[in-house]
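# Close look at the chain arrangement
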Amino acid sequence: MGMKLYDETIRACRKLLEEAGARALPLGDGGWPDVSDRSMILRSDMAYELGSGQLPAVGATIVTANEALVPADALSLIGSDLPEIRQDSPYARVALVRVREDTLGEGEKLYRAIRELEYTRYHFYPEGFMMRVSAANQKESVRIGREALSRGLDFTKTGNRMISAFHKNPAVKAVSLTYVTEQEFDYRALLGYVKEAEEITKTIDHILKNVMMDCTACSLQKVCDEVEGLRELHFSNKE
Ligand code: SF4
């Protein structure tokens, strides 16, 4: 039941990505090396940065149990691939992750499972692809190493790496991963959906921590009015 929570947001996200003309990249091992988590790409060793400065830099991981929304693993790209890019560019990374509903459960377990899947981004380190997350403004940017780029780094390689990082979690059934570098893409709309998902996650957390169940006096009423399943979660979590 609980995992229906993000389905409307995922539908909207998918529509936005499909209408922007996402093209499929091949799935497979890619055969690209990982580096240790402490490996840095210094400014002097970098070819360019995705999502630097004021450029859009959106990272999203949204979870569902609905097979129709994420039928199988898929990797897509909207815009130029890494070898074609010559300068700092806007960036988005959207992972829609389908999990086995029964392994997540409800309540506390559900919240922890959602956060754990989001943290997958900190557990993969393709060589030449250094992700940086700014906690202050929620931006996810990536430094691209010059050396790795000259040896053939592209989104097919990093994307397949990230998909297998998700699959290390036994609850994960399928991952639809999309990268965006297109200048004209509506990053603002995407960011709106990401914020919506984050609000739902925060509401789940609140429901778990707070026993108050007077909807008329609750500050989260608006979120609960709009998102199917949150009220049920709060009231079933009581027992
Ligand atoms: S179900 Fe009611 S009390 Fe619980 S978080 Fe939603 S609005 Fe607040």
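Below is a summary of the structure that appears in this document. Remember, predicted model here, so these are calculated numbers, not experimental data.

## Concerning the sheet that holds strand S3 (residues 57-64)
Ordered in space as S1-S4-S8-S5-S3, the 5 strands form an open sheet in which the pairing is mixed. At either margin of the open sheet sits one strand with a lone partner, and together these are strand S1 (23-24) and S3. Note that strand S5 (residues 91-99) and strand S8 (residues 172-180) share 8 bridges and pair antiparallel. Residue Val 99 lies in a different strand from S8, and its bridge partner there is Val 172. Packed onto the sheet, helix H1 (residues 7-19) meets S3, strand S4 (74-78), S5 and S8 and runs at close to 130° relative to S3. Contacting S3 and S5, helix H6 (residues 187-209) crosses the sheet at an angle of about 45° to S3.

## Concerning H6
Taking 1.5 Å per residue as the helical rise, H6 with its 23 residues ought to reach 33 Å, and the 33 Å between its terminal C-alpha atoms agrees with that figure. Taken together, the buried positions of H6 are Tyr 187, Leu 190, Tyr 193, Val 194, Ala 197, Ile 200, Thr 203, Ile 204 and Ile 207.

## Digging into the site of the ligand
Inspection of the region around the ligand gives Thr 203, Ile 207, Met 213, Cys 215, Cys 218, Leu 220, Gln 221, Cys 224, Leu 230, Arg 231 and His 234 as its neighbouring residues. Elements represented by at least two residues in the shell around the ligand include exactly H6, helix H7 (221-226) and helix H8 (230-236). It is H8 that provides the largest number of residues to the shell around the ligand, a total of 3 residues. Among the residues making up the shell around the ligand, the classes are represented as 7 nonpolar, 3 polar and 1 charged.

## So, the nonpolar core
Cys 13, Ile 62, Ala 95, Leu 96, Val 97 and Phe 166 are the most contacted members of the largest nonpolar core, which has 62 residues in total. Top element by residues in this core is H6. It accounts for 8 residues. When near neighbours in sequence (up to four residues on either side) are disregarded, Cys 13 contacts Ile 62, Val 94, Leu 96 and Tyr 193.

## Let's talk about helix H5 (residues 155-167)
Compared with the 18 Å implied by 1.5 Å per residue over 13 residues, the 18 Å span of H5 between its first and last C-alpha is a close match. Burial of H5 is extensive: 10 of the 13 residues sit out of reach of the surface. Of all the residues in H5, the buried ones are Phe 155, Thr 156, Lys 157, Thr 158, Gly 159, Asn 160, Met 162, Ile 163, Ala 165 and Phe 166. In this structure, the buried residues of H5 make contact with S4, S5, strand S6 (129-134) and S8.

## Comments concerning the environment of Ala 74
Here Ala 74 shows up in strand S4. On a C-alpha basis, the gap between Ala 74 and Thr 203 in space is 29 Å, while along the polypeptide they are 129 residues apart. Excluding residues within four positions of it along the chain, Ala 74 makes contact with Ala 24 and Ser 176.

Cut-offs and rules
- Residues numbered from 1 in each chain as written.
- Predicted model: local features only at pLDDT ≥ 70, side-chain atom pairs only at ≥ 80, totals over all residues.
- Pairing = 2+ DSSP bridges.
- Helix = DSSP H or I, 4+ residues; strand = E, 2+ residues; numbered from the N terminus.
- Contact = placed C-beta atoms within 7 Å.
- Axes fitted to C-alpha atoms, helices over the stretch in contact; angles between N-to-C directions.
- Expected span 1.5 Å × (residues − 1).
- Buried ≥ 20, exposed ≤ 12 C-beta atoms within 10 Å, placed from the backbone.
- Near = placed C-beta within 6 Å.
- Nonpolar A, V, L, I, M, F, W, Y, C, P; charged D, E, K, R; others polar.
- Core = buried A, V, L, I, M, F, W, Y, C linked by C-beta atoms within 7 Å.

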